[in-house]
Amino acid sequence: MVRALHRLLLLSILPVLLISGASFARELILVEAGELPIILTAPHGGREEVPGCSLRTPTGSRFVTGADLNTDLLARDIAGEITRLTGKRPYLVIARFQRRYIDANRRADEAYAESGCAADYDFYHAAIRRFVDEVRAKYPAAMLFDIHGQAAYRDSILRGTHHGAAVTRLLARAGAPAVTGPDSVFGQFAKMGYRIIPANDTAPTDRVEAKNYTGGHTVLLYGSHNADGIDTMQLEFGRDLRGQIVIGQTAKDGGQAVVAFYRRYLEQSSATAAPAGVLSR
Ligand SMILES: [Zn+2]
């Protein structure tokens, strides 16, 4: 039954790989180049075993092996909604390997148990780095959203930016409303009726992001507090928003929220800013 389900899910993802000419993929990572200054990543929704890689053993301060259920599908379908609304595709990097083999949102020394796992971990991050470099060269401003799931706040969506550090450049050029205002992603979620944490009446740098959900390795590694980074934000979708019946709506709303942010804070910036390749900081 579980096997059959896996096969079904594989079949549902496969056409994405075949249709897109710009796609390439190592078997265990879905990588799709985009046409927007938006990168979606999803490290924890993978369903596949990793041949030649043994299971992880407890390490680090927060050792978790369970999947963020359905976040692979959520990332893919948010991307689909963004494409439907804009006519252009975001960049996509989705881990298809199980988190109990590789945790792509940890530093390499905590991500896997042995060298047989390194190639898939490295491929995942090389794809993100390549895309970050590409959008930095092409656009004056860009954003990476790292898609996760959590069960601690089952009906809520959590924001993680390392208390504003990962969106340093966005805050400098557009101010707090880009993170908490009506056209921010979380402003949109709030308007749609979702519970959000932290609330939008706090400042992005108030250090009120929820403990354990302030943003992980990916947000930290590629965030705009780094000279070679872009603005990054972790989105943590509660378990109740990822069930089979509701996940379609969650993805649609997620796509709409990202596009509202894009229209207000990325597209405008592209239209008025310096030519591609010249980055303002
Ligand atoms: Zn996660």
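This text gives an overview of the structure that appears in the document. Bear in mind that the values here come from a model prediction, so they are computed numbers and not experimental data.

1. Digging into the overall build of the chain
The secondary structure content of the chain amounts to nine helices and eight strands. Here the chain holds 281 residues, and the buried ones make up 47% of them. Within the chain, residue pairs in contact and separated by at least 24 positions form 78% of the contacts whose partners lie at least 6 positions apart.

2. Side note on helix H2 (residues 71-86)
End to end, H2 covers 22 Å across 16 residues, agreeing with the expected 22 Å (1.5 Å per residue, within 8%). Among the residues making up H2, those that are buried are Thr71, Asp72, Leu73, Leu74, Ala75, Arg76, Ile78, Ala79, Glu81 and Ile82.

3. Here we look at the nonpolar core
Counting residues in hydrophobic clusters, the biggest one holds 72 residues, and the most contacted among them are Ile38, Leu40, Ala75, Val93, Ile102 and Val258. Sorting elements by how many residues they give to this core places helix H9 (residues 247-272) first, with eight residues. Setting aside its immediate chain neighbours within four residues, Ile102 contacts Val50, Cys53, Phe97, Ala111, Tyr112, Cys117, Asp120 and Tyr121.

4. Some details on the environment of Gly243
Among the secondary structure elements, Gly243 is positioned in the loop between strand S8 (231-238) and H9. Note: C-alpha distance between Gly243 and Asn70 (173 residues apart in sequence) is 7.9 Å.

5. What about helix H4 (residues 118-138)?
If you check H4, its first and last C-alpha atoms are 30 Å apart, about what 21 residues at 1.5 Å a residue would give, namely 30 Å. Those residues of H4 that sit buried are Asp120, Tyr121, Tyr124, His125, Ala127, Ile128, Phe131, Val132 and Val135. For H4, the arc enclosing every buried residue in end-on projection is 145°, short of the 170-degree limit, so these residues lie on one face. In this structure, H4 carries Asp133 and Ala137 as exposed residues pointing more than 90 degrees from its buried face. Among the structural elements, strand S2 (29-32), strand S3 (38-42), strand S4 (91-95), helix H3 (108-111), strand S5 (143-150) and helix H8 (217-222) are those in contact with the buried residues of H4.

6. What about the environment of Ala95?
Checked against the element boundaries, Ala95 lands in strand S4. A residue is classified by how many C-beta atoms lie within 10 Å of it, and Ala95, with 30 of them, is buried. Taking C-alpha positions, Ala95 is 6.8 Å from Gly45, a pair spaced 50 residues apart along the chain. Contacts of Ala95, omitting those with residues within four sequence positions, involve Ile29, Ala42, Pro43, Gly46, Ala104 and Tyr124.

7. Thoughts on the pairing of S4
Put simply, side chains in a regular strand alternate between the two faces of the sheet. Burial analysis of S4 places five of its five residues in the buried class, which makes it a mostly covered element. Across the two faces of S4 the burial is the same, with Tyr91, Val93 and Ala95 and Leu92 and Ile94 all buried. Looking at chain direction, S2 and S4 are connected through four bridges and run antiparallel. In the sheet register, Val31 faces S4, and the bridge partner there is Val93. Taken together, the four bridges between S3 and S4 define a ladder with parallel strand orientation. Note that in S4 the partner of Ala42 across the bridge is Ile94.

8. Concerning the environment of Gly46
Mapping Gly46 onto the fold places it in the loop between S3 and H2. C-alpha of Gly46 to C-alpha of Asp68: the two residues are 22 residues apart in sequence and 8.3 Å apart in space. Setting aside anything within four residues of it in sequence, one finds Gly46 in contact with Ala67, Asp72, Ala95, Arg96, Phe97, Gln98 and Arg99.

9. Details of unusual backbone geometry
Put simply, Ile197 and Pro198 share a cis peptide bond, and its omega is -5°. The topology assignment puts Pro198 in the loop between strand S7 (195-197) and H8. Despite not being glycine, Asn70 has its phi angle at roughly 70°, a positive value. By the element assignment, Asn70 lies in the loop between S3 and H2. Residue His163 is not a glycine yet carries a positive backbone phi of 55°. Positionally, His163 belongs in the loop between strand S6 (156-160) and helix H5 (168-174).

What counts as what
Residues numbered from 1 in each chain as written. Predicted model: local features only at pLDDT ≥ 70, side-chain atom pairs only at ≥ 80, totals over all residues. Helix = DSSP H or I, 4+ residues; strand = E, 2+ residues; numbered from the N terminus. Buried ≥ 20, exposed ≤ 12 C-beta atoms within 10 Å, placed from the backbone. Contact = placed C-beta atoms within 7 Å. Expected span 1.5 Å × (residues − 1). Core = buried A, V, L, I, M, F, W, Y, C linked by C-beta atoms within 7 Å. Arc of directions from axis to C-beta. Pairing = 2+ DSSP bridges.

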